[in-house]
Amino acid sequence: VVVHDGQHGDTTVGSADEEAAEAVAALMNDADIDTEIVDDPVANIWNKAFIAVGVKPIAALTHLTDGEILEFEDSRAVMDGIVEEAAAVANAKGVENLVDDPVAYVHDFCEANSEHVSSALEDVLNERRTELEHLNGYLVAAGEELGVETPYNELIMRLVRSRERAYEDGSR
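Not measured: the values here are computed from a predicted model.

Looking at the overall build of the protein
- Looking only at helices and strands, one finds eight helices and three strands in the protein.
- Along the protein, helices and strands appear, N-terminal first, in the series β-β-α-β-α-α-α-α-α-α-α.
- Relative to the 2.2 N^0.38 estimate, which gives 16 Å for 172 residues, the radius of gyration of the protein is 17 Å and therefore close to what a compact globule would have.
- Residues classed as buried in the protein amount to 45% of the 172 residues present.
- Taking contacts inside the protein between residues at least 6 apart in sequence as the whole, the part at least 24 apart equals 68%.
- When the accessible surface of the protein is totalled, it reaches about 9,400 Å², and 47% of it is carbon and sulfur.
- The averaged location of the 38 negative side-chain charges in the protein is 13 Å from the averaged location of its 11 positive side-chain charges.

Some details on the packing of helix 2 (residues 41–62) against helix 7 (residues 132–146)
- Between helix 2 and helix 7, the shortest axis-to-axis distance is 10 Å and the interhelical angle comes to 105 degrees. The pairing of helix 2 with helix 7 is recorded here as roughly perpendicular in orientation. Residue-level inspection shows Trp46, Ala52, Val53, Lys56, Pro57 and Ala60 of helix 2 in contact with helix 7, the latter providing Leu132, Leu135, Asn136, Tyr138 and Leu139.
- Of the residues that constitute the contact of helix 2 with helix 7, the class distribution is nine nonpolar, one polar and one charged.

Reading the values: rules and limits
Residues numbered from 1 in each chain as written. Predicted model: local features only at pLDDT ≥ 70, side-chain atom pairs only at ≥ 80, totals over all residues. Heavy atoms only, no water. Helix = DSSP H or I, 4+ residues; strand = E, 2+ residues; numbered from the N terminus. Rg over C-alpha atoms; globule rule 2.2 N^0.38 Å. Buried < 20%, exposed > 50% of the residue type's maximum accessible area, 1.4 Å probe, protein only. Contact = heavy atoms within 4.5 Å. Areas by Shrake-Rupley, 256 points an atom, 1.4 Å probe, with all protein chains shown as cover. Lys, Arg positive; Asp, Glu negative; His and termini not counted. Charge placed at Lys NZ, Arg CZ, Asp CG, Glu CD. Axes fitted to C-alpha atoms, helices over the stretch in contact; angles between N-to-C directions. Parallel < 35°, antiparallel > 145°, perpendicular 65-115°, else oblique. Nonpolar A, V, L, I, M, F, W, Y, C, P; charged D, E, K, R; others polar.

Following this line, the structure appears as structure tokens:
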């Protein structure tokens, strides 16, 4: 599993096959792509997903940068609710080795990348479908399956789908 965080340039690989992970990391490092090996790639993916599910839909709907999302109380409160639900789903799935405080982890990311414009916002501005169905939409479906309530994610997906439908059917 390879995970790249486009903001910091952090690329990680991990596998049950340690030799394979080392080979992939060496290949990527040889290509000047700074790559680290992680012990638990599943937890690493979930930790990165906390950022994506928290930031992307808020940016897409409000047109705020990562730092502005954190700056404004209302957007920050919604982002925090989304991330808390994501952590609850991850815990219900039995994912181990998650960051201790997913909300603080996302806040730290937003502070470090305060001027960053989310790709989901770029998608909306260019009237393209976002990837949010695969992120926040997944959390809603997984929450239903696991008995975890996800009202923030449900609401945000209704709004994102409405935005996407408006420009897809030309009714913007």
